[in-house]
Structures are given as structure tokens and as C-alpha cells.
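One letter stands for each residue in the lines below.
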Amino acid sequence: FTLTVAIADPTAYIAPETAMDNEARERGFTIYLPGRNIQMLPRELSDNLCSLLNDEERPALCCTVNVAADAPAISYPIQLKPYSALRMPICLEQE
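The following refers to the structure shown. Since this is a predicted model, take the numbers as computed values, not measurements.

**A closer look at the overall build of the chain**
Phase 1: Scanning the chain for helices and strands turns up two helices and six strands.
Phase 2: The helix and strand sequence of the chain, counted from the amino end, reads β-α-β-β-α-β-β-β.
Phase 3: The contacts in the chain between residues at least 6 apart in sequence include a share of 59% that link residues at least 24 apart.
Phase 4: When the accessible surface of the chain is totalled, it reaches about 7000 Å², and 57% of it is carbon and sulfur.

Spelled out as C-alpha cells, the structure:
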């Protein structure tokens, strides 16, 4: 299997040590609740620029791992690179 995990990189849009950066650091992550969520970033960023959308190239942290069905998982380096793919947190492809 080939496993690619891509996470949008908000640092491409938020300057360090700004009020927005400090608020995001304090919150740490988005909280998902039934019917609503509490965003780490303003909704305009979370739902648009900092979201991996179909056919939209966006800055992302990506890690691709190749794993044989009978082999243990091996760690691979995380890369910062533009990413454009289906909007899926995890994609599995059989080789």
C-alpha cells in the first residue's frame, strides 16, 4: 500500500508573532462537535486557503509511506510542499 497524509500548512498565510498566530497557538487545534466546530483559525482561512481542496494547489505538510501487507510500518520524513489532490485526510492506494 501507499499511504499519503497531507495536512494544510497555515504558516504560509499567517505571519509569526501576530495576534492571529498567538490565538492559533493558544487554541492549538480545531474542535469538531456534532453540528458545529470551534476553529483554530478564522473561518475564512480554515474553510478556504488552509483547506486542501480538489484541484487547488496549496502549501501542505506531506508524508508518503510505502508499506507491504506483511511488513511493519516504517517512519518517513515529513516534507513541506505544494499539494493538490482529493480532499481526503488519508488516501490509500493498492500497488
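Back to the write-up after that little detour.
**As for the layout of surface pockets**
Phase 1: Roughly 170 Å³ of volume is contained in the second largest pocket.
Phase 2: What lines the second largest pocket is Pro10, Thr11, Ile14, Ala15, Pro16, Asp21, Ala24, Arg25, Gly28, Met40 and Leu41.

**Considerations on the pattern of salt bridges**
Two side chains with opposite charge may pair up if their charged atoms get near one another.
Phase 1: Overall, the coordinates contain four salt bridges when judged by the stated rule.
Phase 2: Arg25 is the partner of Asp21 in a salt bridge, and the nearest nitrogen-oxygen pair spans 3.1 Å. Of this pair, Asp21 and Arg25 both sit in helix H1 (residues 19–27), four residues apart, which is roughly one turn of the helix.
Phase 3: For Arg25, a relative accessible area of 58% puts it in the exposed group.
Phase 4: Glu56 is paired through a salt bridge with Arg58; the nearest N and O atoms lie 3.5 Å apart.

**Let's talk about the side chain of Gln39**
Phase 1: With respect to the helices and strands, Gln39 occurs in the loop between strand S3 (36–38) and helix H2 (43–49).
Phase 2: Under the relative-accessibility criterion, Gln39 is labelled buried at 9%.
Phase 3: One polar contact links Gln39 to Asn37, side chain to side chain, over a distance of 2.7 Å.
Phase 4: If we ignore the near neighbours within four places in the chain, the residues touching Gln39 are Arg27, Thr30, Ser46 and Asp47.

**Some words on the environment of Phe1**
Phase 1: Inspection of the secondary structure puts Phe1 in the segment before strand S1 (2–8).
Phase 2: Assessed through its relative accessible area of 38%, Phe1 is described here as partly exposed.
Phase 3: Sequence separation between Phe1 and Val67 is 66 residues; the distance between their C-alpha atoms is 5.3 Å.

Cut-offs applied
- Every chain's residues receive numbers from 1 upward, in the order its sequence appears when written.
- For this predicted model, a pLDDT threshold of at least 70 governs which residues receive local features, and a threshold of 80 or more governs which side-chain atom pairs are given and counted, while totals over whole chains, interfaces and linings are taken from all residues.
- As a rule here, side-chain values cover all heavy atoms of the structure and leave hydrogens and water aside.
- Helix and strand assignments come from DSSP, with helices taken as H or I runs of at least 4 residues and strands as E runs of at least 2, each series counted from the N terminus.
- In this analysis, two residues are considered to be in contact whenever any of their non-hydrogen atoms come within 4.5 Å of each other.
- The accessible surface values rely on the Shrake-Rupley method and a 1.4 Å probe; as for residues, cover is taken only from the protein chains in view.
- Computed over the protein atoms alone on a 1 Å grid, cavities are sets of points where a 1.4 Å probe fits but cannot get out and pockets are open sets with protein on both sides within 12 Å along at least five of seven lines; a residue lines them when it has an atom within 4 Å of a point.
- Grid points are joined across faces, edges and corners, and a volume is the space filled by probe spheres set on the points.
- Throughout this description, the term salt bridge denotes a Lys or Arg side-chain nitrogen within 4 Å of a carboxyl oxygen of Asp or Glu.
- Burial classification: accessible surface area is computed with a 1.4 Å probe over protein chains only, and a residue below 20% of its type maximum counts as buried, one above 50% as exposed, and the rest as partly exposed.
- Pairs of N or O atoms are called polar contacts if they sit within 3.5 Å, as long as, within protein, a hydrogen donor faces a hydrogen acceptor (for residues adjacent in sequence, only side-chain-to-side-chain pairs).

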